[in-house]
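In case you want the letters, here they are:
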Amino acid sequence: MRPLLIRGARVIDPSRDADGVADVLVVDGKIRAVGRNVAPPENARVIDGAGKVAAPGLIDLHVHFREPGQEDTETIATGAMAAVAGGFTAVCAMPNTDPVTDNQAAVGFVVRQSIRAAKARVYPIGAISLGQKGQQLAEFGEMVGAGAVAVSDDGKPVVSSHLMRTALEYAKVFGIPVADHCEDPTLSHGGVMHEGLVSTRLGLKGIPSAAEEIMVARDIILAELTGGHVHLCHMSTRGSVDLIRRAKEKGLRVTAEATPHHFALTHERCEGYDTHAKMNPPLREAEDRDAIRSALKDGSIDIIASDHAPHHYDAKEREFDDAPNGIVGLETALGLAIRELVVPGLLTLPQLIARMSTMPARIFHLSGGTLAVGAPADLVLFDPDARWKVEATAFHSKSRNSPFVGEELIGRTLLTLVDGRVAFDRSLGGD
Amino acid sequence: MARALQRMASEIVERCFGADGLVLVGIQRRGVELAERIARLVAQTEGQPPLLGKLDITLYRDDLQAIGPRPVVAETRLPPNLDGKTVVIIDDVLYTGRTVRAALDEFADFGRPKRILLCVLVDRGGRELPIQADIVGTTVTAGPADRVDVSVMELDRVDAVDLVRGAPA
Amino acid sequence: MTVPTLGKDLVGLEHLSAGQIQLILDTAEPFKEVSERPIKKVPALRGKTIVNLFFESSTRTRISFEFAEKRLSADTVNVAASGSSVSKGETLVDTARNLEAMRIDMVVIRHHSSGAAQFLGDRIRSNVINAGDGKHEHPTQGLLDMLTLRDHFKKLAGLKVAICGDVLHSRVARSNIWGLLKLGAEVAVCGPPTLLPRGVEQLGVTVLPRIEDAIQWADALNILRLQLERMEAGFIPSLREYNRVFGVTSDRLARAPKDLLILHPGPMNRGVEIDSDVADGPHSVILPQVTNGVAVRMAVLYLLAGGAPDWVSGSGGEER
């Protein structure tokens, strides 16, 4: 593997509180040196990093890669390619595939497909319950042994409080978090968007914020009861933020994530029955969006996760009630985060990198999230000022379901290294 | 205009043998006002007012499929039974004849008058259909680019017939 | 003289101007007379092909549209969801494209999903008329209710209309709210809080919690149908209790300070939301509503036909 030197970039490494212009030398898949005037070894590829940011590769704890089951919308290979194009070097794949990733063999399949794709690292998340049916615990120990980094029934809530309690208790044995999709299905039943003025006008059945908050509160109470680590997926309401804040003040093992669409968009986006604005949890009100932003600033919400949810283009081309939830997010997350959080001054770039790389690595105990010398070279080089227009046809993902198509984002990946390999290089064309 | 209307009224009475069984139907818009005035004149001479009606031919126009924005539809109100009556269609200007064609079609959907006459204030020539007026107030010669505007006191605060010369086609 | 168009589609009243709504109501006036003629037919839409695409069963609305279409001499085809390829899993967009490939001019759509009419209108060139989409809007019902109110009160500005019952699930309520507010009427909604949509007061309506309050306040009551499913879904305990607490009864009306005009979009559940003696009483305009429905729909068809699909070529000069 040819050594690679990035010269004169702004190197941001939240794991070491480092932020300054420096060179980064990658040799044999590892970070060899970070500092001023690093001499390139012979035959090294030298990249001019002036005006660019070199940071630990982004890590997304929440993606849906549809393999096995719906390979026409995304595969582990195309998902991993979309990830590196978006600056992600590691992603965690949710288990709601067909069949469900609820056993050792299924977890092993994801690991093998990830290695074969050789793009971003794809870590499997195992199911909490067999078949995600919410009844019987899946074999956490076997799945962790095969490479699972967390458990979740995401896509569905864990309805039974008893199951959630046992999952939190049992997961402690393996030191893994239990990630929950917080939704009280009896309250959200039949809902397709946020319950509020817009749903009233459009005549669509709403999902009240309380449907999420009830489960957030329950999970926090169970985290306290069990001492387990609960990770709250895609938080969307101001009430949830308040609950998390109080839980953290108490010192409970509660972590939380928010998606770019929940800090960028509001329920007004559903006007005109735009199915690209249909997600679960739904886009909420401006006050909720602002609360999510503040929570990302003060750390009540620890990380940003994309909830990358590919759907075939014609699946969204239908009545709002019948369209599937979710959007692709890996290739727009960084540009949205810089546009919505960094440019308006809510987060500094180092804070953003912490929320998108260092913190996610810590929460799921993954390698990466650092440019420490000797660490595997999972690295992203991006232009924080690049303004670019989102084009559906340019996505590396197999799917194009994004509400951000046509919008201008700020900040774009130039180069992504995984284990020192060049996994994505925009200068090599294709874009 | 008053003299012309008086003459037209007399002619109607003469050709229809009095006001008995006579229905004057004004074509929306200005034909309606002209019909009302002629009806008053007939009543003065005959001592008995003729039946009055108004007809909007918009929905029978032969160019509805082709034109863009919809023309305003005005009220249609005809006496309940036209069978056996003598109907006089009253309009302000006779030009292509298409309005009268539409009116004749519309009458057919209301019954079977004994006889239908056409009475216009101005005949400006330029027919596109084989239709002629029975009673004419005045005749003017106007080219395709010209416009004949009839104003009536009730709507326009003045009685007038204006020939507006346009550019020759 | 020509009038402004309504645009290509009629999806709802929310996005129409007061002027456009007024135009439809004014145009409906002369169309009332057409239905009184010995031959109830005018050739205005001769040669136009209209598909009535009903994904939800509806006798009343479909018949009303069909009469309106036939009285304008349009050629009509009825497509019901059952018995067509729709029931074989064909998507709405495919159904629409297939119809369009047969060169139709207009589609009247009734669908159980909110937004279906707009979805269709955005994807085909034919005119689309919403005959009720989910819980969103039922614009021609709103218009005929307004026409009926205007017939009686002469003007809508300042009129107090209370919409009573299951507003949450009602497209009729939404169309009435938008239309009446735009023309200057005051609107209140009255029903159990479980059947009022979240934030409805932000639309500009007053919320009256009890039917007695609505009766004291209003000039007219528009009483919505209560679907029996609402009880099963837990929104109300029983139809009996609904009638006892929220039903419009002659006893309650007797205590009103004035005679209230009674509207109901039908079909009625006699003895639930409305008692028979009210429905059949002297102030009920439920049947005139049905009559006006045909006139309003003729007006909408006539006005929308002005925006001809772009494969219709040729242009004729206007006479005079």
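Residues numbered from 1 in each chain as written. Chains lettered and ligands numbered in written order. Predicted model: local features only at pLDDT ≥ 70, side-chain atom pairs only at ≥ 80, totals over all residues. Heavy atoms only, no water.

Chemist: When you look at the pairing of strand β7 (residues 88–93) of chain A in this model, what are you seeing that I'm missing?
Modeler: Regular strands show a simple pattern: their side chains alternate between the two faces of the sheet. Residue and element names in this part refer to chain A. The buried count for β7 comes to six of six residues, which makes it a mostly enclosed element. For strand β6 (residues 58–63) and β7, the ladder comprises four bridges, and the chain directions are parallel. The residue bridging L58 from the neighbouring strand is F88, located in β7. With respect to chirality, the unit in which β6 leads through helix α1 (residues 76–85) into the neighbouring parallel β7 is right-handed. (Buried < 20%, exposed > 50% of the residue type's maximum accessible area, 1.4 Å probe, protein only. Helix = DSSP H or I, 4+ residues; strand = E, 2+ residues; numbered from the N terminus. Pairing = 2+ DSSP bridges. Right-handed = clockwise from strand over helix to strand, strands pointing away.)

Chemist: Any chance you could explain the sheet that holds strand β2 (residues 51–55) of chain B here in plain terms?
Modeler: The strands that make up a sheet are held in pairs by hydrogen bonds between backbone atoms, and each pair lies either parallel or antiparallel. All names here are of chain B. With parallel pairing, the five strands of this open sheet are ordered in space as β2-β1-β3-β4-β5. Pairing within the sheet leaves two strands with one partner each, and these edge strands are β2 and β5 (135–139). Pairwise comparison of adjacent strand axes, ignoring direction, gives a mean angle of 20° for this sheet. Two strands pair when backbone bridges link them, and strand β3 (residues 86–94) and strand β4 (residues 115–123) are joined in this way by eight bridges, in the parallel orientation. Within the sheet, the bridge partner assigned to I89 lies in β4 and is L118. The sheet strands contacting helix α1 (residues 2–16) are β1 (22–27), β3, β4 and β5, and the helix crosses β4 at an angle near 165°. Lying over the sheet, helix α2 (residues 30–46) contacts β1, β2, β3 and β4, oriented at roughly 150° with respect to β1. (Axes fitted to C-alpha atoms, helices over the stretch in contact; angles between N-to-C directions. Contact = heavy atoms within 4.5 Å.)

Chemist: What exactly am I supposed to notice about the packing of aromatic side chains here?
Modeler: Residue and element names in this part refer to chain C. Using the criterion set out here, one finds four aromatic pairs over all chains in the structure. Taking NZ or CZ as reference, R71 lies 4.7 Å from the ring centre of F67, over its face. Taking the ring centre of F65 as reference, the NZ or CZ of R297 above it sits at 5.0 Å. (Phe/Tyr/Trp six-rings, centres within 6.5 Å; stacked < 30°, edge-to-face > 60°. Lys NZ or Arg CZ within 6 Å of the ring centre and 35° of its normal.)

Chemist: Please clarify how the environment of H234 of chain A should be interpreted in this entry.
Modeler: Residue and element names in this part refer to chain A. As for its placement among the helices and strands, H234 is situated in the loop between β13 (230–232) and α8 (238–249). H234 sits in the buried class, given a relative accessible area of 2%. Separated by 72 residues in the primary sequence, H234 and S306 have C-alpha atoms spaced 8.5 Å apart. Side chain to side chain, H234 and H181 meet in a polar contact 3.5 Å long. (Polar contact = N/O pair within 3.5 Å; in protein donor to acceptor, adjacent residues only side chain to side chain.)

Chemist: Is there a simple way to explain empty space enclosed by the protein in this structure?
Modeler: With a probe scaled to a water molecule rolled over the atoms, the places where space remains empty come into view. Residues and elements named next belong to chain A. By the definition in use, this model includes six cavities of 30 Å³ or more. Of the pockets and cavities examined, the largest cavity occupies roughly 60 Å³. Lining the largest cavity we find F65, R66, E67, I76, A93, M94, P95, T97, T101, V110, P124 and I125. Counted by class, the lining of the largest cavity contains eight nonpolar, two polar and two charged residues. (1 Å grid on protein atoms, 1.4 Å probe; cavity = no way out; pocket = protein on both sides within 12 Å on 5 of 7 lines; lining within 4 Å. Points joined across faces, edges and corners; volume = space filled by probe spheres on them. Nonpolar A, V, L, I, M, F, W, Y, C, P; charged D, E, K, R; others polar.)

Chemist: What am I meant to see in the sheet that holds strand β3 (residues 106–111) of chain C here?
Modeler: Residues and elements named next belong to chain C. Pairing is parallel across the open sheet formed by four strands, whose spatial order is β2-β1-β3-β4. The open sheet is flanked by β2 (75–80) and β4 (127–133), the only strands paired with a single partner. Averaged over neighbouring strand pairs, the angle between their axes works out to 15° when direction is ignored. Relative to β2, strand β1 (residues 49–54) runs parallel, the two being bridged by six bridges. The partner of F54 across the bridge, within β2, is A80.

Chemist: How do you make sense of the interface of chain C and chain A when you look at a structure like this?
Modeler: Interfaces are often sized by the amount of accessible area the parts lose when they come together. Contact with chain C, which involves 24 residues of that partner, is made by 17 residues of chain A. A combined buried area of about 1700 Å² lies between chain C and chain A, and 49% of that area is made up of carbon and sulfur atoms. Across the chain C-chain A interface, the total number found is three salt bridges. Of the charged contacts, one joins E317 of chain A and R123 of chain C as a salt bridge, the two residues approaching to 2.5 Å between their closest N and O atoms. Remark: the boundary between chain C and chain A carries nine residue pairs in polar contact (both at pLDDT 80 or more). Elements with a contribution of two residues or more to the side of chain C that touches chain A: α3 (92–101), α4 (116–123) and α6 (171–182) of chain C. Ranked by residues supplied to the side of chain C that touches chain A, first place goes to α4 of chain C with four residues. Looking at the side of chain C that touches chain A residue by residue, the class counts come to eight nonpolar, nine polar and seven charged. (Buried area = accessible area lost by both parts, 1.4 Å probe. Salt bridge = Lys/Arg side-chain N within 4 Å of Asp/Glu carboxyl O.)

Chemist: Quick question: what am I supposed to make of helix α3 (residues 98–108) of chain B here?
Modeler: Since the α-helix packs 3.6 residues into each turn, any two residues three or four apart lie on the same face. Among all positions in α3 of chain B, only T99, V100, A102, A103, E106 and F107 of chain B are buried. Burial along α3 of chain B is one-sided: seen end-on, the buried residues are contained in an arc of 155°. (Arc of directions from axis to C-beta.)

Chemist: I'm lost on the domain arrangement of chain A in this one. Help?
Modeler: Residues and elements named next belong to chain A. Along its sequence, chain A is carved into domain 1 (4–54 + 375–428) and domain 2 (57–363). Taken over C-alpha atoms, the centre of domain 1 sits 25 Å from the centre of domain 2. In this complex, domain 1 contributes 39 residues to the contact, which on the side of domain 2 involves 49 residues. Each partner contributes to the roughly 3400 Å² buried at the junction of domain 1 and domain 2, and carbon and sulfur atoms together form 62% of this total. Between D378 and R121 there is a salt bridge, and its shortest N-O distance comes to 2.6 Å. Seen at the junction of domain 1 and domain 2, the total is 25 residue pairs in polar contact (both at pLDDT 80 or more). Every element with two or more residues in the side of domain 1 that touches domain 2 is listed here: β1 (4–13), β16 (379–389), β17 (408–418) and β18 (421–425). (Domains from an automatic or database assignment.)

Chemist: I'm lost on the packing of helix α2 (residues 59–71) of chain C against helix α12 (residues 286–304) of chain C in this one. Help?
Modeler: Helix-helix packing is characterised by the crossing angle of the two axes and by the distance between the axes. Residue and element names in this part refer to chain C. The contact between α2 and α12 brings their axes to 8 Å, and the two run at 55°. Taken together, the axes of α2 and α12 are oblique relative to one another. Once α2 is placed against α12, the crossing between them reads as right-handed. Residues R60, T61, S64, F65, F67, A68, E69 and R71 of α2 form the contact with α12, whose own contacting residues are V290, G293, V294, R297, M298 and L301. A per-class count over the contact of α2 with α12 returns seven nonpolar, three polar and four charged. (Parallel < 35°, antiparallel > 145°, perpendicular 65-115°, else oblique. Left-handed = near helix turned anticlockwise from the far one by under 90°.)

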